[in-house]
Amino acid sequence: AVHEAGSRVVCQLFHGGGQTGERNLGQPGWAPSGIAFPSYDGIPHEMTLQQIRETILAFGQAALRARQAGFDGAQLHAAHGYLIHQFLSPLTNRRSDGYGGTLEDRMRFLLEIVTTVRKTAGEDFPLLVKLNGDDHLEGGFSSKDLLVVAAALEEAGVTALEISAGSPASGTNSPIRTDVQPGENEGFNADLAAEVRRWGNLPVITVGGLRSPETVDRLWQQGIADFFALSRPLIRQPDLIRNWRQGDSSPSRCISCNACFRPGLKEGGIYCPLERTN
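So, here is what we can say about the structure in this document. (Residues numbered from 1 in each chain as written. Predicted model: local features only at pLDDT ≥ 70, side-chain atom pairs only at ≥ 80, totals over all residues. Heavy atoms only, no water.)

1. Describing the sheet that holds strand S6 (residues 160–164)
Reading across from one edge, S1-S4-S5-S6-S7-S8 is the order of the six strands in this open sheet, with parallel pairing throughout. Lying at the two open borders of the sheet, with one neighbouring strand each, are strand S1 (10–13) and strand S8 (227–229). For this sheet, the mean angle separating the axes of adjacent strands, direction not counted, is 25°. (Pairing = 2+ DSSP bridges. Helix = DSSP H or I, 4+ residues; strand = E, 2+ residues; numbered from the N terminus. Axes fitted to C-alpha atoms, helices over the stretch in contact; angles between N-to-C directions.)

This is how it looks when you write it as C-alpha cells:
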C-alpha cells in the first residue's frame, strides 16, 4: 500500500526488554541485568549469554522477514529504554561480562546485532538505527557516549542515525512530551542531532516535537540534520506534509496529548480521537 502511494517504508525492529514484563507477558521480561528500574514492570530476568546470542540472531531473522515482506529497509530501535538501549545505559546494564562495564562492552550487543542483520538480510538492505542521545538521568548514557557509539555504528556500515533521547524514567525529559507548542519548544533533540552530524559522516535524522514547517526549515538551514521525523502529527493529520508542500504553512493541530496510544492498545489500530471528535 505504501509503495502504491509512491513512498518508501522501513520496518522498525525492537525488543521491549525490562519494560515489557508481567502485565504483558505473564512472566518477567528479559533485560541485561535483573534490577529494579522506574520504567520496568517488576524485576526482569537477567539474560544469559545464550539468550543474548538467541536475541541477536532473532533481530537478524526479523530483518530478513522485513526484506522478504517488501520493506525498503529496517531500523533498530536502540532508544527510549527498550532492550538495546538497556544494554547501552550504565543505569540498566550492571553486567560484568563482555556485554557490560565499559562503553565498548555495553555497545557490543548493538554492534553484534548490526553485523548479524547485515549478514542475514544483506549488505545492500538499508539499516537505520534510532539511538538515544542522552538518558537525561544522572549517571546514564550521555551525549559523550553518543558520539562514541555513533562513530562505531558508522564504521559498522549502518545507513543513517535517528537521534532521540530519554526514556519513560526521564520524567519531563521523556521522549513523549505533552507541552510542545509550535514555534516555542519544537525540535527538542536538535542539539544532539547536530553533534552527531558535526562529527560524523552518516545521514542524521532529528525527531522530537516538530510541529511547523518554519521550524523544520530553520533547522535545515542551520545544518542541524539531513532528515526530519514526525509521528503524532501525522497520526492526527496524515496529509500534513502534502499541505505544507502546497503552501499551507499552518502548524500541526497535534497537542501532544498521546490519546492516539489508547486505540492502538485497545482496538488494534491508531488514530487521533480528537480529530474524529472534531
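2. Comments concerning the packing of aromatic side chains
Applying the stated rule across the entire model yields four aromatic pairs. For the ring pair Phe 14 and Tyr 82, a centre distance of 4.8 Å and an interplane angle of 65° mean the geometry is edge-to-face. With a gap of 68 residues between them, Phe 14 in the loop between S1 and helix H1 (22–25) and Tyr 82 in the loop between strand S4 (73–78) and helix H3 (83–88) connect regions that are remote in the sequence. For Tyr 82, a relative accessible area of 24% translates into the label partly exposed. (Phe/Tyr/Trp six-rings, centres within 6.5 Å; stacked < 30°, edge-to-face > 60°. Buried < 20%, exposed > 50% of the residue type's maximum accessible area, 1.4 Å probe, protein only.)

3. A short note on the environment of Val 114
Along the chain, Val 114 falls in helix H5 (residues 108–121). Assessed through its relative accessible area of 1%, Val 114 is described here as buried. Separated by 58 residues in sequence, Val 114 and Ile 56 have C-alpha atoms that sit 8.8 Å apart. In this view, Val 114 contacts Leu 76, Leu 127, Leu 153, Ala 156 and Val 158; residues no more than four positions away in its chain are not counted. (Contact = heavy atoms within 4.5 Å.)

4. Focus on helix H2 (residues 49–69)
Across its 21 residues, H2 extends 30 Å between first and last C-alpha, which sits within 8% of the 30 Å expected from 1.5 Å per residue. Restricting attention to buried positions, one finds in H2 the residues Gln 51, Ile 52, Thr 55, Ile 56, Phe 59, Gly 60, Ala 62, Ala 63 and Ala 66. Packing partners of the buried residues in H2 comprise S1, strand S2 (30–31), strand S3 (45–46), S4, H3 and H5. Trailing H2 by a residue or two, Gly 70 shows a phi angle of about 110°, which is positive. (Expected span 1.5 Å × (residues − 1).)

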